[in-house]
Amino acid sequence: MPKRFFTYKTLESLQEEIARLHAPVRLETDLKACFEPLHIRHRTAGNRLAVHPMEGCDGTADGKPGELTIRRWERFGAGGAKLIWGEATAVSEESRANKRQLLINDANLSALEATLLKTRKAHRDVFGGDGDLLVGLQLTHSGRYSFKKPLIAQRDPDVDAVTKGVAGAETYPILADWELQKAADQIVHAAAMAAKIGFDFVDIKQCHRYLLSELLAARLRPGPYGGSYENRTRLAREIILRVKEEIGQDTLIGTRLNVYDGIPYGENLDTKEGEPKPVASPYLGGWGVDAENPIQPDYSEPTRYAKDLAEWGVDIINATMGSPYYNPHVGRPFERPPIDGYTTPEHPLFGVARHFEAAEAIQRGAPDVPVIGTGYSWLQRFFIYAAEANIRDGRVSAVGVGRGALAYPDFALDARRDGELSRQKSCVAVSYCTALMRGKHNELGQFPAGCVPRDKIYAEIYKTMLATDPSKMES
């Protein structure tokens, strides 16, 4: 049985643990800053609480929103957060990460528009209007994690060795420059479609080692898209400038950006529990990584990049880190690891604090662009107090939750009404949502993902998964 970390019955017990561990996490219980309006260029969100782009693996085979997709978006719409960062939506069939991922194309456009309209109606039904609600769509090219075959931007032996989905991924050639340019065309066209159907912003996704994220670390790639900082950021720069011209001034441009990639960890890599896989030093395969000590972040390039993104026209940055495929404790500090994962090598509070530090570095680097912070869900019902403190302290402009929103979609509504969150509704970070995504569902791929402890629908889906895939049963 994995060690329990979150044993805090009271706010005071959590504060005592923070002090004991000397973790740079501050809590503030008088909720005011969270509910101030957030100005993003010419638009305003009614508060500073956000829903992160959490995929449900519940679209149709051709990439339209399914019933559970629509249910999730409606629950987010009614939940009170004024910034809904819509989930990863592939820009082409070959770049989908799984068989149930949403896909934006001409055939699916009306279904995506209908989902957006239902989300807005759900918000109006609760709050009377939606003029201060901003809803975006994350545009993704899954790169090496495309489910049909890896579309790899750079060779990285450490990451190649753990790329899942297709046997022999390490033997696939890197994408040619013209193929990267084709991906850029697809992203720009997708942004134009999203703007056309009324999304308030589009997210040019640059995180979790998907295509554009991987390019940021492509020091070993030859040609115009690898090597120097200018080359590694070239494709994203070209895309952003083209998107800005294509969509005009009304639609905002956002990006969810890895600030620190980290390195591969875990039992699935034949290492001891919680130990990293050895990597060469200097390590050239990661973004935001200290080359001489790759377990440690180096925010110098990401901070420089944040300044450049602002100059190119990005209106909002969502700061994140790590990869769900090989170091999930970095991106999502957990109480219990994913079933195919590993024991966390650190107290989750340190992972939370790393997120706070990274987002602050980006916010300081681009002070005129709102930065959304990540890494809050492990704090359970107390996360809102960390959000309040970080916004007050200027470490970030807004705070979002992903797993936390799957469990507790109306967290913002409760926080505003009650001044606190409910223990019975909060995420407990036990990774059942990830387990559903890892389960096999015959020809459909993954099971739909949601919160098993807090949502009866997903509790029943989890039972079905265990009946069909007993290997996912926990010990």
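Above this text is the structure in question.
These lines cover the structure that appears in this document, whether it is placed above or below. Everything numeric in this text was worked out from a predicted model, so none of it was measured.

### Regarding the pairing of strand 11 (residues 398–401)
Argument step 1. What you see with strand 11 is no split at all: Ala398 and Gly400 on one side and Val399 and Val401 on the other are buried throughout.
Argument step 2. The pairing of strand 3 (residues 49–51) with strand 11 spans three bridges and is classified as parallel. Bridging from a neighbouring strand, Leu49 pairs with Val399 of strand 11.

### Some details on the packing of helix 5 (residues 177–196) against helix 8 (residues 234–247)
Argument step 1. Across the interface, helix 5 lies against helix 8 with an axial gap of 9 Å and an inter-helix angle of 30 degrees. The orientation of helix 5 with respect to helix 8, classified from their angle, is roughly parallel. Crossing of helix 5 over helix 8 shows right-handed handedness. Residue-level contacts link Leu180, Ala184, Asp185, Ile187, Val188, Ala191, Ala192 and Ala195 of helix 5 to Leu235, Ile239, Arg242, Val243, Glu246 and Ile247 of helix 8.
Argument step 2. Of the residues that constitute the contact of helix 5 with helix 8, the class distribution is eleven nonpolar, no polar and three charged.

### Side note on empty space enclosed by the protein
Argument step 1. Applying the stated criterion to the full structure yields nine cavities of 30 Å³ or more.
Argument step 2. Among the elements of the structure, helix 13 (403–407) and helix 15 (432–438) are those that each provide at least two residues to the lining of the largest cavity.
Argument step 3. Looking at the lining of the largest cavity, the element that brings in the most residues is helix 13, giving three residues.
Argument step 4. Residues of the lining of the largest cavity, tallied by class, amount to eleven nonpolar, two polar and one charged.

### Things to note about the packing of aromatic side chains
Argument step 1. For the coordinates displayed, the defined rule picks out 18 aromatic pairs.
Argument step 2. Every member of this aromatic cluster is reached through a ring pair, and the members are Phe6, Tyr8, Trp378, Phe382 and Tyr385.
Argument step 3. Over the ring of Phe127 we find Lys82, and its NZ or CZ is 4.9 Å from the ring centre.

### What about the pattern of salt bridges?
Argument step 1. Within this structure, the stated rule accounts for 40 salt bridges.
Argument step 2. Across the pair Asp177 and Arg221 runs a salt bridge whose closest N-O atoms are separated by 2.9 Å. Pair noted here: Asp177 is in helix 5 and Arg221 is in the loop between helix 6 (211–216) and helix 7 (229–232), with a separation of 44 residues, a long-range link.
Argument step 3. With relative accessibility at 26%, the residue Asp177 sits in the partly exposed group.

### Some remarks on the packing of helix 8 against helix 9 (residues 300–312)
Argument step 1. Contact geometry for helix 8 and helix 9: axes closest at 10 Å, N-to-C directions at 25 degrees. Viewed along their axes, helix 8 and helix 9 adopt a mutual orientation that is roughly parallel. Handedness of the helix 8/helix 9 crossing: right-handed. Between helix 8 and helix 9, the contacting residues are Ala236, Arg237, Ile240, Leu241 and Lys244 on the first element and Tyr305, Leu309 and Trp312 on the second.
Argument step 2. Looking at the contact of helix 8 with helix 9 residue by residue, the classes come out as six nonpolar, no polar and two charged.

The rules we used
Residues numbered from 1 in each chain as written. Predicted model: local features only at pLDDT ≥ 70, side-chain atom pairs only at ≥ 80, totals over all residues. Heavy atoms only, no water. Buried < 20%, exposed > 50% of the residue type's maximum accessible area, 1.4 Å probe, protein only. Helix = DSSP H or I, 4+ residues; strand = E, 2+ residues; numbered from the N terminus. Pairing = 2+ DSSP bridges. Axes fitted to C-alpha atoms, helices over the stretch in contact; angles between N-to-C directions. Parallel < 35°, antiparallel > 145°, perpendicular 65-115°, else oblique. Left-handed = near helix turned anticlockwise from the far one by under 90°. Contact = heavy atoms within 4.5 Å. Nonpolar A, V, L, I, M, F, W, Y, C, P; charged D, E, K, R; others polar. 1 Å grid on protein atoms, 1.4 Å probe; cavity = no way out; pocket = protein on both sides within 12 Å on 5 of 7 lines; lining within 4 Å. Points joined across faces, edges and corners; volume = space filled by probe spheres on them. Phe/Tyr/Trp six-rings, centres within 6.5 Å; stacked < 30°, edge-to-face > 60°. Lys NZ or Arg CZ within 6 Å of the ring centre and 35° of its normal. Salt bridge = Lys/Arg side-chain N within 4 Å of Asp/Glu carboxyl O.

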